[in-house]
Amino acid sequence: MTFNEANTVEAFLRDLLCGGITHHTAVGPGRARRAGRLSGLGWHYLAARDLPRSSHQVLVEPHLREALIRLNPEIAAQPDRADEVLYRLRAILMTVGAEGLVEANKEFAAWLTGERSMPFGPEGEHVTVRLLDFEDVDQNQWVVTQQYIARREQDTTKRADLVLLVNGIPLIVIEAKTPVRLSESWLDGAIQIEVDYQKNVPELFVPNLSSIATEGKEFRYGGVGLPAGDWGPWRSPEPGQTEAPALKRLEGLVASMLHPETVLDLVANFTAFVADPQKGRMKLIARHQQVEATNRIVERVVAGRPRQGLIWHFQGSGKTELMLFAARKLRMHPELQNPAVLVVVDRVDLDTQHSAAFRAAELPNMVRAERTEDLVRLLAQDTRKVILTTIFKFGEAEGVLNDSDNLIVLVDEAHRTQEGDLGRRMRRALPNAFLFGLTGTPINRADKNTFLAFGAEEDANRYLSRYGFEESVADGATLPLHFEPRLLELHVDQDAMDAEFGQLTGSLTDTERERLAKTAARTAVLLKTPERVEAICADIADHYRGRVEPHGFGAQVVTYDRESCVLYKRALDRHLPPEASAVVMTVEGGEQEFAAYRRDREEEARLLDRFRDPGDPLKILIVTSKLLTGFNAPILQTMYLDKPIRDIALVQAICRANRPYGDEKKHALIVDYLGVFDDAARTLRFDEKGMERLITNIAELVAELPEALRKCLAYFSGVDRSVFGYEGLIAAQECLPDNATRDRFAADYVRLARLWEIASPRPPTDTYEADYRWLTQVYRSLQPSTGTGRLLWRSFGAKTIQLIQRNVHVDAIQDDLDEVVLDAETLEAVLANPDAERKAREVEIRLGSRLRRLAHDPKFRPLGERLEALKEKHLQGALGSIAFLKSLLELARDVLEAERTAAVPHAEDPGKAALTALFEEVRNERTPIIVERVVSDIDEIVRQVRFDGWQSTHAGERIVKKELRRTLLKYRLHKEKDLFDRAYGYITQYY
């Protein structure tokens, strides 16, 4: 006697389902309840020979006829009506040759879920026909049988190992393989079902919910049309199951997925029919994590509290489908009385993606709010549908839009735009709604905390459902991430560069020269050095031809900015055919330098479809910010990363490449030219105890908000905060008469602003918000601004960049580093000293704060530059966390030593000083002006009207120029030659 599939896996599954072979004759409805070695799941066993059917019949019609009479009063009144229903069902089976298996299965599924009716009511009125009882499980007949024969008219015969029938309908087909033969696996069983059974006896699969394949180790399932390689695993929710022996683990999986309640739930709520451009039409069945999360959401809404929850499922694990299943089950749940479900995303392309997915799955009663007016109208009318919208539309709406407590909000990418003003506005607009946040990368910081924004206190670890990185990879939902560092060594000819720079800037002051050099030496300039771009693109081309192209995969090149996209495209075209790559980036209407890369939404969609097509020559997408989140193209396997990205944005970007694709794609490969691995590892690491401590601290800090607000308002005692315009601003500024008072107010406001951001997105009272916004405007009106003047940069910037690029050379690409696999063991090794990064960040913040206060003293400028250089090297990965910390501590000692030996003079406002020098220069007997008054007027009005980044906008330039002309006219200086241009130049530089 040997172990084989019949006496091991097949027999084990049968006994798990029915508790052992006890039933050999016909059985009625109800669930077996027999004590013994195996308790069973409530299925009855019937031998295939005892089923009242011929091998040419797919349905066990006597059982189904009994169920129709039992479950439908109208049919019970006239039992011959059951034959009319059976005739309709047989007709569906017969259409499989003409319509195809997926379409026939879809039509039969509509009958299973009660979407079809017959004219059996009074006066021929149509009434729903029930094939299954979804409310009372025991009203159904549950049968498991073995060696179920299916035969076509042309005598093609197939024999399924196990078939599970409900009310005579074969809903589940199981193919068991032996656990003791290494040459066989679950995949052999899945291929047998897909290639052999579904092709030769497709009628058997017309009523099919799911097929299952197992060899006792893996337990995989899939719907009709889904390729066998894409079948997914089911996981048991019971803790410790992953460590159990194989057959014991199988017992838990069967008990979880094939329990009668679960089977009915899957039939009613967790299937969808979709079309894939490469794979065609198919039936999707929800993955175990989607079923678990959906049911927890529904249970919470039915219970009525708590009214929020965080769904944390790793990138690429199917959150779009999760929202589809959740929205449908919420809408159909009888206890929820037709709720409205609002799906909120934070990007237009995600809105389009979700809308397309929901429409493809034929989600009923779905509407897309494309404009703010649409959203306001739909919510005001209390529209009970599934509404898709973007978070930004709440920023354009005012007040409460819907105060119903029968509104459920599902927020995708909940870690991004939900903290801050948009999150507060949405919550104010929907004060009584349920809020569920879905994210693959939650943020756990004091100022932005996804756990606090959506996590309920009642949930362990603040999440309602979690499906992590390791689980996702283990299930095959996503692939492992491999990193291959290929760092460049740059050589800077400092002497030659200093000599050229001195000649170029000889007419400038020392201050102007310093500002110009600092701007030109930023990361962007170095990364775009022509020699460096050429070296990287040559390396990308070699790597792609050798490692990516032979397998038929696609790649992404992530560059620093849009200009870099163009530079890399030109360089790649010198090494690869031009049709092999394309730039995908945002181009505005007036940007002529990028006009060749402008595409509308339809053109871009067609381009991306070409990239997904394995037969198309387009294999490489060159991007900078587009397609780094939400983009789904399983053919993408390699990402060439040459952009300094950190934290959540980095993880989201690299996960574009982790989608499964065929048998050859075993992992996603990140070719790293900047050294981001440490940061990726740190971001993926999650410390639940640390998260709980941080949330506790946040709660304590939020409690301090009212007192911090009161302290800031105390500076403005007697000021009427309802008065706006310059009168109100002058009244506020007069309460801060000197630098010492302004510094104290600034310190108190900065603390208030931090507390306010920590309290987000839960909105404080309206009174708090009005006061906070008023204080913010006053603070900004007093806040000094620094930066390199635009006129100076326009004059020298291009030449300065050229000389830097002429003197920066690439010595070599370090391609001898071993490939690093981003898995749990590597994470643990990299993060053996997790406190180093936290301590480094703390020292960096303190040093930066101190050096900013000392920036007016030339002695401290080199120290500030050292700090910026260290931060840049750490950002680029050239300094690890521990080395970065050591360097920061050395710098801190030097700063303290410099402070001890220097007397720090009082800083003069550089903007006022420059303007004062200018007007002193032009004053003569024809312009008897008081220079101090002119400068003060210009300084005050510019600080009132400017805003962050105003120099880069047409609106900002227009309003500042208008006020400057008005002031010069007031003092009759508008006719002075070049005065306006020179004054405006200083304003752009210092304000």
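It should be emphasised that the depicted structure is a prediction, and the values quoted were computed from it without experimental measurement.

## Describing the environment of Ser54
You can see Ser54 is positioned in the loop between strand 1 (44-45) and helix 2 (61-71). For Ser54, a relative accessible area of 33% puts it in the partly exposed group. When the C-alpha positions of Ser54 and Arg151 are compared, they lie 9.0 Å apart, and in sequence the two are 97 residues distant.

## As for the sheet that holds strand 6 (residues 169-176)
Sheet strands line up and pair through hydrogen bonds in the backbone, either parallel or antiparallel. Pairing is mixed across the open sheet formed by seven strands, whose spatial order is 1-4-5-6-7-8-9. Each having just a single partner strand, strand 1 and strand 9 (232-233) make up the two edges of the open sheet.

## Some thoughts on the pattern of salt bridges
Where charged atoms of side chains with opposite charge meet at close range, the side chains can pair. This structure, assessed with the given rule, holds 25 salt bridges. Between Asp609 and Arg612 there is a salt bridge, with its nearest N and O atoms 3.1 Å apart. Here Arg612 and Asp609 lie together in helix 23 (residues 601-612), a separation of three residues that amounts to about one turn. Relative accessible area serves as the criterion here: at 42%, Asp609 is assigned to the partly exposed category. Connected through salt bridges with shared partners, the residues Arg371, Asp374 and Arg377 form a single ionic network.

## Describing helix 7 (residues 186-200)
Here helix 7 is 15 residues long and its end C-alpha atoms lie 20 Å apart, about the 21 Å a rise of 1.5 Å per residue gives. Trp186, Gly189, Ala190, Ile193, Tyr197 and Gln198 are the residues of helix 7 that are buried. Here the buried face of helix 7 lies against helix 6 (101-112), strand 5 (157-166), strand 6, strand 7 (210-214) and strand 8 (219-222).

## Re the packing of helix 2 against helix 4 (residues 81-94)
Contact geometry of helix 2 with helix 4 gives a least axis separation of 10 Å together with a crossing angle of 125°. Classified by the angle their axes make, helix 2 and helix 4 are oblique. Like other packed secondary-structure pairs, helix 2 and helix 4 cross with a definite hand, here right-handed. Note on element contacts: helix 4 touches helix 2 through Ala82, Asp83, Val85, Leu86, Leu89 and Arg90, opposite Glu61, Leu64, Arg65, Leu68 and Ile69. When its residues are assigned to classes, the contact of helix 2 with helix 4 shows seven nonpolar, no polar and four charged.

## Looking at the sheet that holds strand 16 (residues 407-412)
Strand order in the open sheet formed by seven strands is 14-15-13-16-17-12-18, with parallel pairing between adjacent strands. At either margin of the open sheet sits one strand with a lone partner, and together these are strand 14 (366-368) and strand 18 (465-467). Each neighbouring strand pair of the sheet contributes to a mean axis angle of 15°, computed without reference to strand direction.

About the criteria used
All residue numbers refer to position in the chain's written sequence, counted from 1. For a predicted model such as this one, the threshold for reporting local features is a pLDDT of at least 70, and the threshold for listing and counting side-chain atom pairs is 80 or more; totals across whole chains, interfaces and linings nevertheless cover every residue. Note that water and hydrogens are dropped before the side-chain values are worked out from all heavy atoms of the structure. Helix and strand definitions here come from DSSP, where helices need a minimum of 4 consecutive H or I residues and strands a minimum of 2 consecutive E residues; each element is numbered from the N-terminal end. Residue burial is assigned from relative accessible area. The probe radius is 1.4 Å, only protein chains are included, and a residue is buried under 20% of its type maximum, exposed over 50%, and partly exposed in between. DSSP-based pairing: two strands are paired if at least 2 bridges between them are found. In what follows, salt bridge is the name for a side-chain nitrogen of Lys or Arg lying within 4 Å of a carboxyl oxygen of Asp or Glu. One less than the residue count of a helix, multiplied by 1.5 Å, gives the span that helix is expected to have. In this description, contact between two residues means that some pair of their heavy atoms is separated by no more than 4.5 Å. Every angle, taken between N-to-C directions, lies between 0 and 180 degrees, and every axis is a line fitted to C-alpha atoms, over only the stretch in contact when it is a helix. Geometric relationships in this document are graded by angle, where less than 35 degrees denotes roughly parallel, more than 145 denotes roughly antiparallel, 65 to 115 denotes roughly perpendicular, and other angles denote oblique. Crossing handedness is defined as follows: a turn of the near helix away from the far one that is anticlockwise and smaller than a right angle gives a left-handed crossing, while the clockwise case is right-handed. Gly is placed with the polar residues, together with every amino acid not listed as nonpolar (Ala, Val, Leu, Ile, Met, Phe, Trp, Tyr, Cys and Pro) or charged (Asp, Glu, Lys and Arg).

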